[in-house]
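Breakdown of the fold
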Amino acid sequence: MTYADRGTTFANGTRKSAHIAIVGAGLSGSLAAVVLARAGHRVTLIDKHAVCPKQFRVEKIAGRQVELMRKLGVLNPIAGEATLFRDILNVRAGRVVDRTQDPHFGIRYEDIVRIVRAQLPVSVDLIIDDVLDIQTGPRTQQVCLARHGTIAPDLVILATGMADSLRHKVGIGRRIIAEKQSISFGFTLAPPTECAPAFQALTYYGAGVANRIDYLSVFPIAGCLRANLFTFLDHDDPWIRELCRNPVAELFDALPGLADFVGQMEPIDRVERWVMNLSIAENVGQDGVVLIGDAFQ
């Protein structure tokens, strides 16, 4: 059953809006709530956190994401709190590949979610609660909450990220395509005041496949430089421990020529990491429920 099939048709052929329950108010769920509510649907947005917890996820908006956020009507409020940068130097193995001038916006994931939640129309019912159970069917669904009882929407949208329990309750599984396929790292740098880099942002690609480093991205967020390193390392690689102990020195050693571009920068916080499994949801053709974001694939 498609989303267009839901709702009620009156005798004169007009349709009333559907009641849609979205479970998960991260970026995907909050964006869906904004768009659907603006389209006239009754939306209940459910999440266990009143404030999105800090976590190492998306840290900038770039490329097609910029146009998508503009199309969804949320770019301006995000851009108002993000750090805009355009001058990106692209380097591979110590040699400049090119220099791009496309707009990028540096901003932490939890701040994006906070800003998008602030765009929710007043008609959206935001409930902070745990979802205990979901039952779905061809007509109405039931979402059982720990403290707010049971609601009966026309459609349930699961935007629960990598969590599996609620998907399993409605018979949707997850197939791992590549377990621990990549590991990303992030930390903050304090740039030297006496010799600032001659660019706003840097993308530095690895010299080859030997050290399993894809690229390093250095870009501004709120007066500092944020470093994001994308790798295909094994999760138990001993180099990860050394990277966390001394990230700048290890990167200078692993990416020859990097120091010539960024100078002697110092980390001012701990190294965060995110391990990514490539996966896809299975048996998603269910009545009354759809998946979006990382919950889907």
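Cut-offs and rules
Residues numbered from 1 in each chain as written. Predicted model: local features only at pLDDT ≥ 70, side-chain atom pairs only at ≥ 80, totals over all residues. Heavy atoms only, no water. Pairing = 2+ DSSP bridges. Helix = DSSP H or I, 4+ residues; strand = E, 2+ residues; numbered from the N terminus. Axes fitted to C-alpha atoms, helices over the stretch in contact; angles between N-to-C directions. Contact = heavy atoms within 4.5 Å. Buried < 20%, exposed > 50% of the residue type's maximum accessible area, 1.4 Å probe, protein only.

Turning our eyes to something else, we now look at the sheet that holds strand β5 (residues 60-61). On the basis of which strands lie adjacent, the open sheet formed by 3 strands has the order β5-β9-β6 and antiparallel pairing. In this open sheet, the two strands that pair with only one neighbour each are β5 and β6 (83-85). Taken together, the 2 bridges between β5 and strand β9 (residues 104-106) define a ladder with antiparallel strand orientation. Residue pairing in the sheet places Ile 61 in a bridge with Phe 105 of β9.

Strand order in the open sheet formed by 5 strands is β10-β4-β3-β14-β21, and the pairing between neighbours is parallel. Strand pairing shows two members of the sheet lacking a second neighbour, β10 (125-128) and β21 (289-291), which therefore form its edges. Across the sheet, the mean angle separating the axes of adjacent strands is 20° when strand polarity is ignored. Relative to β21, strand β14 (residues 155-158) runs parallel, the two sharing 3 bridges. Each bridged residue has a counterpart across the sheet, and for Leu 158 the counterpart in β21 is Leu 291. Sheet strands in contact with helix α1 (residues 27-38) are β3 (19-23), β4 (42-47) and β14, and its direction is about 165° off that of β4.

The buried count for strand β17 (residues 213-221) comes to 7 of 9 residues, which makes it a mostly enclosed element. Looking at chain direction, strand β16 (residues 201-205) and β17 are connected through 4 bridges and run antiparallel. Bridging from a neighbouring strand, Thr 203 pairs with Ser 217 of β17. The pairing of β17 with strand β18 (residues 224-231) spans 8 bridges and is classified as antiparallel. Its bridge partner lying in β18, Phe 219 is registered against Arg 226. The hairpin formed by β17 and β18 contains 2 residues between the paired strands, and Ala 222 there has a positive phi angle of roughly 50°.

We now examine the pairing of strand β12 (residues 142-145). Burial of β12 is one-sided: the residues Val 143 and Leu 145 facing one way are buried, the residues Gln 142 and Cys 144 facing the other way are not. Of the pairings in the sheet, the one linking strand β11 (residues 131-135) to β12 comprises 4 bridges and is antiparallel in character. Paired with Val 131 across the strands is Leu 145, a residue of β12. Counting the residues between successive antiparallel strands, the hairpin from β11 to β12 contains 6 residues. When β12 meets strand β13 (residues 149-151), the two strands line up antiparallel, connected through 3 bridges. For Val 143, the partnering residue across the bridge sits in β13 and is Ile 151. Between β12 and β13, which pair antiparallel in sequence order, lie 3 residues.

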